[in-house]
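Observations on the three-dimensional arrangement
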Amino acid sequence: MADVDAVVVGAGPNGLTAAVTLARAGLAVHVYEAEATAGGGARTAELTLPGFRHDVCSAVHPLGAGSPVLSALPLEAHGLRWVHPALPLAHPFADGSAATLARSVEETAASLGPDAAAYRRLVAPFLGRWDALAGDVLRAPLASWPGHPLLLARFGVRAGAPAALLARLFRGRHARGLFAGLAAHAIAPLRTPATGGVALLFALAAHEVGWPFPRGGSQALSDALVAYLESLGGRVVTGRRVRSLEELPAARAYVLDVMPEQLAAIAGDRLPRRYAERLRRYRHGPAVFKVDYALSGPVPWTSEACRRAGTVHLGPSMEEIGGALRSAYGGGVPRVPFLITSQPTLFDPSRAPDGRHVLWAYGHVPNGWTGDLSAAIERQIERFAPGFGELVLARGAAGPERIAEHDANNVGGDIAGGACDGLRLLFRPTVARVPYATPNPAIYLCSSATPPGPGVHGMGGYHAARYALRRVFGAGAG
Ligand SMILES: Cc1cc2nc3c(=O)[nH]c(=O)nc-3n(C[C@H](O)[C@H](O)[C@H](O)COP(=O)(O)OP(=O)(O)OC[C@H]3O[C@@H](n4cnc5c(N)ncnc54)[C@H](O)[C@@H]3O)c2cc1C
């Protein structure tokens, strides 16, 4: 006899989306979360000084705002407000100029000099088609026939290419630097297949849905998901690290928002030995080193565009960005890190005391690295914002170990839920038509170790829950 219909382990964006999807189908759902607060990679906390609200993990949400499932949920009725910066992204160069990724394609193209026309040509086939494209891209490639096969094929021809190859469309350093920075979100060397697709998807997201943050920080997205789940009768239990399914209430389905090796440990002998062994061999990718700053004023960027942007990428050439990624991948520490930074308080003053600001910045390091990248990170910021150091009131540094302590899914500081090289971004945790399902029909995996991989979009949770609904509860189409 089941105590509840379904149990979800882990209250990250995927776990919460899975729980909501199951609860919307009328099921009784309980979620068990190891940390004291729900949200996983979408949480916000005072990591430096009182009143300064920093995002613990994710900060910027092109895939959240553009997620076919999250955008269809009534999250605004549960407190979510997306804040759109004046400019989604700026990418400055040493001479004070910047490439800008704007909501408008024209404004973006205008910042790319000789590559304006090439950029327009690259994005044109996909403009106005975000919903169709996102639905087909943010899913397991073999699970079902795409809804828009011609559009997906057109995207796939470009998206399957390594970023280094696709960037040959561009001649100038502005477009090449911008493109490399976008591809770096895949946390894989620029010669890796499909990294071009990551860059293209993030560029399209800027034009189609923006790169917003939730007002109050990423936690607001998680709080809205929890509030909606509770309104449907679901329950979230925090502070409960699950080590075995035996500890949990009896349920007809278990959906786990954990890494594959954890799934093997938690499910124990409920999974066949050979499948569990494959899960235990799952490979993780490089880590990140993050610094949160409490600042007495806005970052003094040399480039005017950076002062209008929510996100700023710091790496002045494709070669420098590629080199930093290669080092982190190969086990070395980049001398000059490529940085992804976010400055939400320019657009959401609720996140710091009056006139004060927060800055979120991270660079890439090898998995499990134990050194300190803080000084190199700050040197890189100073390169584009001289005088930055004088504004710093407090710093909170988190290397791989701390990143993993915040959230057990960030194994060794890997924030991408596993290595993204080769075809590992598309086929994870194993090559399977339905990677969310396990050989045990009651057990499902929904974390970022399933397609479509990393990011706050909830799509892994949605797909896993849909398969559970179909296979266990006989409801709907998967
Ligand atoms: C520093 C950093 C920056 C990032 N920046 C961005 C960004 O700007 N935009 C973006 O879209 N993405 C970003 N990401 C990635 C994003 O946060 C993740 O891809 C996303 O959160 C994955 O969602 P998930 O639900 O699969 O897993 P998670 O969010 O990791 O959630 C998993 C949850 O399961 C819980 N859990 C694990 N094991 C157990 C257990 N045994 N028992 C109970 N609970 C358990 C964890 O505590 C956690 O709450 C970033 C991540 C990090 C760390």
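How each quantity is defined
- Residues numbered from 1 in each chain as written.
- Predicted model: local features only at pLDDT ≥ 70, side-chain atom pairs only at ≥ 80, totals over all residues.
- Heavy atoms only, no water.
- Helix = DSSP H or I, 4+ residues; strand = E, 2+ residues; numbered from the N terminus.
- Rg over C-alpha atoms; globule rule 2.2 N^0.38 Å.
- Buried < 20%, exposed > 50% of the residue type's maximum accessible area, 1.4 Å probe, protein only.
- Contact = heavy atoms within 4.5 Å.
- Domains from an automatic or database assignment.
- Buried area = accessible area lost by both parts, 1.4 Å probe.
- Salt bridge = Lys/Arg side-chain N within 4 Å of Asp/Glu carboxyl O.
- Polar contact = N/O pair within 3.5 Å; in protein donor to acceptor, adjacent residues only side chain to side chain.
- Nonpolar A, V, L, I, M, F, W, Y, C, P; charged D, E, K, R; others polar.
- Pairing = 2+ DSSP bridges.
- Core = buried A, V, L, I, M, F, W, Y, C linked by side-chain atoms within 4.5 Å.
- Axes fitted to C-alpha atoms, helices over the stretch in contact; angles between N-to-C directions.
- Phe/Tyr/Trp six-rings, centres within 6.5 Å; stacked < 30°, edge-to-face > 60°.

Labelled according to an unreviewed UniProt entry, the protein appears under the name Dehydrogenase, originating from Actinoallomurus iriomotensis.

**Some thoughts on the overall build of the protein**
Assigned secondary structure in the protein consists of 16 helices and 16 strands. Computed over C-alpha atoms, the radius of gyration of the protein comes to 21 Å, within 12% of the 23 Å expected from 2.2 N^0.38 for 478 residues, which places it in the range of a compact globule. Put simply, the protein has 478 residues, and 62% of those count as buried. Expressed as a percentage of contacts within the protein between residues at least 6 apart in sequence, the contacts between residues at least 24 apart total 74%.

**Describing the domain arrangement of the protein**
Segmenting the protein into domains produces domain 1 (4-81 + 214-283 + 416-473) and domain 2 (84-212 + 285-406). Just the C-alpha atoms count here: the centres of domain 1 and domain 2 sit 25 Å apart. Counting residues at the interface gives 45 residues for domain 1 and 46 residues for domain 2. Around 3,500 Å² of area is buried between domain 1 and domain 2 when both sides are counted, 66% of it from carbon and sulfur atoms. Where domain 1 meets domain 2, there are one salt bridge. Residue Asp55 is joined to Arg351 by a salt bridge in which the shortest nitrogen-to-oxygen separation is 3.2 Å. Across the domain 1-domain 2 interface, the total number found is twelve residue pairs in polar contact (both at pLDDT 80 or more). Secondary-structure elements contributing two or more residues to the side of domain 1 that touches domain 2 are β4 (54-55), α2 (62-65) and α16 (459-473). Along the lines of polarity and charge, the residues of the side of domain 1 that touches domain 2 split into 25 nonpolar, twelve polar and eight charged.

**Structural notes on the pairing of strand β10 (residues 251-256)**
With respect to burial, β10 is a largely interior element, five of its six residues being buried. With five bridges connecting them, strand β1 (residues 4-9) and β10 associate as parallel partners. Residue pairing in the sheet places Val4 in a bridge with Ala251 of β10. Of the strand pairs in this sheet, β10 and strand β16 (residues 443-445) are connected by three bridges, and their pairing is parallel. Of the residues in β16, the one forming a bridge with Leu256 is Leu445.

**Digging into the nonpolar core**
One broad trend across soluble globular proteins is that nonpolar side chains are buried collectively. By size, the foremost hydrophobic cluster in this structure holds 108 residues, and its most contacted members are Leu22, Leu75, Leu101, Leu182 and Trp211. In terms of residue count, helix α9 (residues 195-208) provides more of this core than any other element does, nine residues in total. For this core, the two domains that each supply at least three residues are domain 1 (4-81 + 214-283 + 416-473) and domain 2 (84-212 + 285-406). In terms of nonpolar packing, the next biggest core, distinct from the first, is built from 29 residues, Ala90, Leu373, Ile377 and Val392 among them.

**So, the sheet that holds strand β15 (residues 392-398)**
Reading across from one edge, β7-β6-β12-β13-β14-β11-β15 is the order of the seven strands in this open sheet, with mixed pairing throughout. Where the open sheet ends on each side, the last strands, each with one partner, are β7 (98-101) and β15. Averaged over all adjacent pairs, the angle separating strand axes in this sheet is 20°, with direction ignored. Where strand β6 (residues 87-92) meets strand β12 (residues 309-314), three bridges bridge the pair, whose relative direction is parallel.

**As for the side chain of Thr195**
Among the secondary structure elements, Thr195 is positioned in helix α9. For Thr195, a relative accessible area of 1% translates into the label buried. Those residues in contact with Thr195, other than ones at most four positions away along the chain, are Ala161, Pro162, Ala163, Ala183, Ala186, Ala188, Pro189 and Leu190.

**Points about the packing of aromatic side chains**
The description of an aromatic ring pair rests on the distance of the ring centres and on the angle between the ring planes. Under the counting rule described, the total for this entry stands at eight aromatic pairs. Aromatic pair Phe126 and Phe155: ring centres 5.6 Å apart, planes at 90°, arrangement edge-to-face. With Phe126 in the loop between α4 (116-123) and α5 (130-137) and Phe155 in helix α6 (residues 149-159), this residue pair connects regions lying 29 residues apart in the sequence. Residues Tyr293 and Phe388 carry aromatic rings whose centres are separated by 5.0 Å and whose planes lie at 85° to one another, so their mutual orientation is edge-to-face.

**As for the sheet that holds strand β2 (residues 29-32)**
Read from one edge to the other, the open sheet built from five strands follows the order β9-β2-β1-β10-β16, with strand pairing classed as parallel. On the outer flanks of this sheet lie β9 (235-237) and β16, each paired with one strand and no other. For this sheet, the mean inter-axis angle between neighbouring strands, taken without regard to orientation, is 20°. Bridge analysis of β1 against β2 gives four bridges, and the strand direction is parallel. Within the sheet, the bridge partner assigned to Ala6 lies in β2 and is Val29. Running at roughly 165° to β16, α16 makes contact with β1, β10 and β16 of the sheet.

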